[in-house]
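So the chains spell out like this:
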Amino acid sequence: MKKFSVVVAGGGSTFTPGIVLMLLANQHRFPLRALKFYDNDGARQETIAEACKVILKEQAPDIEFSYTTDPKEAFTDIDFVMAHIRVGKYPMREQDEKIPLRHGVLGQETCGPGGIAYGMRSIGGVLELVDFMEKYSPNAWMLNYSNPAAIVAEATRRLRPKAKILNICDMPIGIESRMAQIAGLKDRKEMRVRYYGLNHFGWWTSIEDKNGNDLMPKIREHVAKFGYVPPSDEHGTEASWNDTFSKAKDVWALDPSTFPNTYLKYYLFPDYVVEHSNPEHTRANEVMEHREKHVFGSCNAIIQAGKSSAGELEIDEHASYIVDLAAAIAFNTQERMLLIVPNNGAINNFDPEAMVEIPCLVGKSGPEPLVVGNIPQFQKGLMSQQVAVEKLVVEAWEERSYVKLWQAITLSKTVPSASVAKAILDDLIVANKEYWPELK
Ligand SMILES: NC(=O)c1ccc[n+]([C@@H]2O[C@H](COP(=O)([O-])OP(=O)(O)OC[C@H]3O[C@@H](n4cnc5c(N)ncnc54)[C@H](O)[C@@H]3O)[C@@H](O)[C@H]2O)c1
Ligand SMILES: O=P(O)(O)OC[C@H]1O[C@H](O[C@H]2[C@H](O)[C@@H](O)[C@@H](O)O[C@@H]2CO)[C@H](O)[C@@H](O)[C@@H]1O
Ligand SMILES: [Mn+2]
């Protein structure tokens, strides 16, 4: 079987060790000859990389491993780029979440003004990765899950239309895992789903088992009472995430014929989110206090001891969708996956140039979207407003336009008025002066 060369862009990510463990657990279906890390923060990456070096030496010494901050070294002779960068890292995520709250508007990583600010930072970073890939390994594919995936996907559609890049998200994977548990199945892959929307803004319309039996009624009975909180939670979900999974029951009530992506809570219940937010301590603080501390603490322990058992790194099961995708391209498996792709008529009564998150069959030439057909007025109205926000952000970045970015924030369903939008925008400009293009 052919072996592949992969570069992880954003090697210093807290998700890198879990993804490396997942890649090692999937060598039978996606074997590696080489694995490289690339990051623009060498110190952050070195800690993650030196610990992963110990793990790789123990488990797969024949995989050639290296890490670098040099794009030419990183992107030469690779088959896949797995990209998960966070431009501005957690300190800027904290600003994305706290600045809107100062103006009575929800602060979130990928939604609302926070997501717009994050998008204005991410576009340049991801386009740079695409250009490195095309310069040094023109036949490679980029599997991008750098957020905000919706804005990044629109930017790559518009500004790198020929690039071999697939934009993906693991939120549906996580929710489907919970749905499978609720339905009494062992794994989400025992389900066959139909879904449509934008990234972090979608709905399931059909869920069947492999024999075509409708699982919606059983799942619906649970979601109506408990949202996506499963009967037993072996993973020990963090409180704020548990609240999000529980709130899905209220989001579901707005269209009981479907199941919602959890992110719709931010657009349909922004008042609830603001009431339950602490402007001094947001999700970014939780992640820095938990995931970042845990991952870097484990990596340092592994480096000190020279053995992986000294740390408590866990395989990122959800990330196996990345191998599903890479294997589908490498071996033409025709895997059925939710991907963020140009609509191009798949949703018949929606903008053909919108980037939509829908089921696709994936093979060596990339994704082949399945037809969705017409969508209802409620979802169409919500999606039209949100996709206009995402498109305006990309136009604002490309044209360096203050007014278009003001329009984008004003148009967001999470923002009450143009005056509040302007106040938030002016604060975000100051906070992002190192990262955004200068607006005129
Ligand atoms: N698509 C999804 O469903 C999904 C799921 C989980 C995480 N993510 C995304 O994965 C990314 C990583 O998340 P994290 O919490 O581990 O962040 P993190 O800050 O721990 O890691 C991000 C890394 O990217 C690096 N980086 C930033 N800008 C860069 C650039 N221009 N070039 C190269 N490297 C750069 C940083 O130095 C850092 O090491 C984020 O974008 C996050 O939103 C997406
Ligand atoms: O607040 P964070 O940084 O913990 O999570 C934000 C990300 O949340 C989603 O990814 C989840 C995923 O859905 C879940 O199953 C599990 O794997 O954890 C992931 C990260 O927590 C969302 O899809 C991402 O886009 C967000 O960045
Ligand atoms: Mn996501």
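Bear in mind that the values here come from a model prediction, so they are computed numbers and not experimental data.

(A) Spatial organisation of the packing of helix H14 (residues 377–399) against helix H15 (residues 402–411). For the pair H14 and H15, interaxial distance at closest approach is 8 Å and the crossing angle is 160 degrees. It follows from the interaxial angle that H14 and H15 lie roughly antiparallel. Of the two possible hands of crossing, H14 and H15 adopt the one that is left-handed. Every residue of H15 that contacts H14 at Gln385, Ala388, Val389, Leu392, Val393, Glu395, Ala396 and Glu399 is listed here: Lys404, Leu405, Gln407, Ala408 and Leu411. Considered class by class, the residues forming the contact of H14 with H15 number eight nonpolar, two polar and three charged.

(B) Representation of the site of ligand 1 within the structure. Lining the immediate environment of ligand 1, one finds 25 residues, of which Gly12, Ser13, Asp41, Tyr145 and Asn147 sit closest. The set of elements that each furnish at least two residues to the shell around ligand 1 consists of helix H2 (42–59) and helix H4 (89–102). Taken together, the residues that form the shell around ligand 1 break down as nine nonpolar, 10 polar and six charged.

(C) The packing of helix H6 (residues 149–159) against H14, seen in detail. Between H6 and H14, the shortest axis-to-axis distance is 9 Å and the interhelical angle comes to 60 degrees. Relative to H14, the element H6 lies oblique. Note on packing geometry: the crossing formed by H6 with H14 is right-handed. On H14, the residues touching Ala150, Ile151, Glu154, Ala155, Arg158 and Leu159 of H6 are Glu390, Lys391, Val393, Val394 and Glu398. Its residues placed into classes, the contact of H6 with H14 shows six nonpolar, no polar and five charged.

(D) Fine view of the sheet that holds strand S7 (residues 191–198). Pairing is antiparallel in the open sheet, where three strands are placed in the order S7-S8-S9. Two strands close off the open sheet at either side, each with one partner strand: S7 and strand S9 (259–260). Strand direction decides the pairing type here: strand S8 (residues 201–209) and S9, joined by two bridges, are antiparallel. Residue pairing for S9: Trp203 is matched across the bridge by Pro260. Strand contacts of helix H7 (residues 171–182): S7 and S8, with the helix running at about 140 degrees to S7, the strand carrying the most contacts.

(E) Up close: the pairing of strand S12 (residues 366–369). With four bridges joining them, strand S11 (residues 355–363) and S12 adopt antiparallel strand pairing. Counted as the bridge partner of Gly363 is Gly366 from S12. The antiparallel hairpin formed by S11 and S12 contains two residues in its connecting segment.

(F) Spatial organisation of the site of ligand 2. Ligand 2 sits among Glu109, Thr110, Asn147, Cys169, Asp170, Met171, Gly174, Arg283, Val287 and His318. Those elements that place two or more of their residues in the shell around ligand 2 are H7 and helix H12 (283–305). The class makeup of the residues in the shell around ligand 2 is three nonpolar, four polar and three charged.

(G) Molecular detail of the UniProt feature "binding site: Mn(2+)" (unreviewed entry) in the protein. UniProt's feature table lists "binding site: Mn(2+)" (unreviewed entry) at Cys169 and His200, given in the numbering used throughout. Considering the C-alpha atoms alone, the annotated residues occupy 32 residues of sequence yet fold into one spot, their largest mutual distance being 8.2 Å. Relative to the assigned elements, Cys169 resides in the loop between strand S6 (165–167) and H7. The exposure class assigned to Cys169 is buried, which follows from the 24 C-beta atoms found within 10 Å. Setting aside anything within four residues of it in sequence, one finds Cys169 in contact with Tyr145, Ala149, Asn199, His200, Ile340 and Glu357.

(H) Focus on the pairing of strand S5 (residues 141–144). Taking every second residue as pointing to the same face, both faces of S5 are buried, with Trp141 and Leu143 on one and Met142 and Asn144 on the other. Bridge analysis of strand S4 (residues 80–83) against S5 gives four bridges, and the strand direction is parallel. In the sheet register, Ala83 faces S5, and the bridge partner there is Asn144. The sheet contact formed by S5 and S6 spans three bridges and is parallel. Looking across to S6, one finds that Leu143 is bridged to Leu166. As for the winding sense of the linkage, the β-α-β connection from S5 through H6 to S6 is right-handed.

(I) The nonpolar core, seen in detail. With 134 residues, the main nonpolar core has Val81, Met142, Leu143, Leu325 and Val393 as its most contacted residues. It is helix H5 (residues 112–136) that provides the largest number of residues to this core, a total of 10 residues. In contact with Val81, other than residues within four places in its own chain, are Val7, Ala9, Leu129, Met133, Ala140, Met142 and Leu143.

(J) Quick look at unusual backbone geometry. Cis geometry marks the peptide bond from Asn147 to Pro148, where omega comes out at -10 degrees. Tracing the backbone shows Pro148 in the loop between S5 and H6. For Asp77, which is not a glycine, the phi torsion comes out positive at approximately 60 degrees. Tracing the backbone through its elements, the reader meets Asp77 in the loop between helix H3 (71–75) and S4. Here Asp77 falls in the partly exposed class, since 13 other C-beta atoms lie within 10 Å of it.

(K) Just the environment of Leu405, in detail. Within the fold, Leu405 resides in helix H15. The class for Leu405 is buried, based on 27 C-beta atoms found within 10 Å. Residues Leu405 and Asp41, 364 residues apart in the sequence, show an inter-C-alpha distance of 29 Å. With residues near it in sequence (within four places) discarded, Leu405 still touches Val393, Ala396, Leu425 and Leu439.

Rules behind the numbers
Residues numbered from 1 in each chain as written. Chains lettered and ligands numbered in written order. Predicted model: local features only at pLDDT ≥ 70, side-chain atom pairs only at ≥ 80, totals over all residues. Axes fitted to C-alpha atoms, helices over the stretch in contact; angles between N-to-C directions. Helix = DSSP H or I, 4+ residues; strand = E, 2+ residues; numbered from the N terminus. Parallel < 35°, antiparallel > 145°, perpendicular 65-115°, else oblique. Left-handed = near helix turned anticlockwise from the far one by under 90°. Contact = placed C-beta atoms within 7 Å. Nonpolar A, V, L, I, M, F, W, Y, C, P; charged D, E, K, R; others polar. Near = placed C-beta within 6 Å. Pairing = 2+ DSSP bridges. UniProt positions renumbered as here; feature names shortened; annotations may be inferred. Buried ≥ 20, exposed ≤ 12 C-beta atoms within 10 Å, placed from the backbone. Right-handed = clockwise from strand over helix to strand, strands pointing away. Core = buried A, V, L, I, M, F, W, Y, C linked by C-beta atoms within 7 Å.

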